[in-house]
Amino acid sequence: MKGKLIIFSAPSGAGKTTIVRHLLNKYPDKIEFSISASTREPRGEEVDGKDYYFISKDEFLHKIAKQEFIEFEEVYSGTFYGTLRSEVERIWEKGKHVIFDIDVVGGLRLRSKFPDQALSIFVQPPSLEVLKDRLRGRGTDSEDKLKERFAKAEHELSFADRFDVILKNYDLDTACAEAEKLLLDFIDKD
């Protein structure tokens, strides 16, 4: 039996990573995080093989050619992200369901490839201004990179209605409680 996929997508800064981490801490026996591959450099305390598989652009392109990705995308110019088929299979072999923290386009691609096994959840921030404040507050990006992220976020917000559920993250505790209910209802359903 194949497992299920729980896909959390949102613009950068909407809170999806915090919600996914909450679920992973609460239900480690049921779900496991799908580690994405990326050609970008690690940020802050990120660890290869835990936060991402950090690989070179050449290696990423080689894996594309060998069809090792379930989905991939050039998210920002020259920066690729993708989901390795082997990563999903590794988690399913453990008898767990796969949880994703993934960009909007990648989330929709996963949902389309696994329509009967996936629950796609769009995490909606209170407003674009709150999102911008959160991204600036991280202090990890240059002003040019922030402008690129803001433009991408505005575009991504227009995709919310293509997801199975829109989870409004106006209050983190409420959003986490709603995410727990969504997760449990979905994985317990036949």
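Residues numbered from 1 in each chain as written. Predicted model: local features only at pLDDT ≥ 70, side-chain atom pairs only at ≥ 80, totals over all residues. Heavy atoms only, no water.

Caption draft 1: Molecular detail of the sheet that holds strand S3 (residues 36-38). With mixed pairing, the four strands of this open sheet are ordered in space as S4-S3-S6-S5. The sheet terminates laterally at strand S4 (52-54) and strand S5 (69-76), the two strands that pair on one side only. Shown here is a sheet whose adjacent strand axes are inclined to one another by a mean of 25°, direction ignored. Sheet topology places S3 next to strand S6 (residues 79-84); two bridges connect them, and they run antiparallel. Of the residues in S6, the one forming a bridge with Ala37 is Gly82. Contacts between helix H4 (residues 104-113) and the sheet are confined to S5 and S6, with S5 contributing the most and set at about 160° to the helix. (Pairing = 2+ DSSP bridges. Helix = DSSP H or I, 4+ residues; strand = E, 2+ residues; numbered from the N terminus. Axes fitted to C-alpha atoms, helices over the stretch in contact; angles between N-to-C directions. Contact = heavy atoms within 4.5 Å.)

Caption draft 2: Up close: helix H1 (residues 16-26). What H1 keeps buried is the set Lys16, Ile19, Val20 and Leu23. Summarising the axial view, the buried residues of H1 lie within an arc of 100°, below the 170-degree limit, and thus occupy one face. Of the exposed residues in H1, those oriented more than 90 degrees away from the buried face are Arg21 and Asn25. Tucked inside the fold, the buried residues of H1 contact strand S1 (5-9), strand S2 (31-33), strand S7 (97-102), strand S8 (118-124), strand S9 (165-168) and helix H7 (172-188). (Buried < 20%, exposed > 50% of the residue type's maximum accessible area, 1.4 Å probe, protein only. Arc of directions from axis to C-beta.)

Caption draft 3: Quick look at unusual backbone geometry. The phi angle at Gln67 is positive, at roughly 55°, despite the residue not being glycine. Relative to the elements of secondary structure, Gln67 occurs in the loop between helix H2 (57-65) and S5.

Caption draft 4: A look at the confidence of the model for the protein chain. Per-chain confidence: the protein chain averages 90 in pLDDT, with 98% of residues scoring 70 or above. By mean pLDDT, the top-scoring element of the protein chain is S1 (97), and the lowest-scoring one is helix H5 (residues 128-138) (74). (pLDDT = per-residue confidence, 0-100.)

Caption draft 5: Just the packing of H5 against helix H6 (residues 143-157), in detail. Orientation of H5 relative to H6, taken along the N-to-C sense of each, is 145°, at an axis distance of 11 Å. For the pair H5 and H6, the sense of crossing is right-handed. Here Leu128, Leu131, Lys132, Leu135 and Arg136 of H5 lie close against H6, whose contacting residues are Glu143, Leu146, Arg149, Phe150, Ala153, Glu154 and Leu157. Residue classes in the contact of H5 with H6 are distributed as seven nonpolar, no polar and five charged. (Left-handed = near helix turned anticlockwise from the far one by under 90°. Nonpolar A, V, L, I, M, F, W, Y, C, P; charged D, E, K, R; others polar.)

Caption draft 6: A look at the sheet that holds S8. The strand order S2-S7-S1-S8-S9 describes an open sheet built from five strands, whose pairing is parallel. Of all strands in the sheet, those bounded by a partner on one side alone are S2 and S9. Put simply, the sheet's adjacent strands are angled 25° from each other on average, direction ignored. For S2 and S7, the ladder comprises three bridges, and the chain directions are parallel. Looking across to S7, one finds that Ile31 is bridged to His97.

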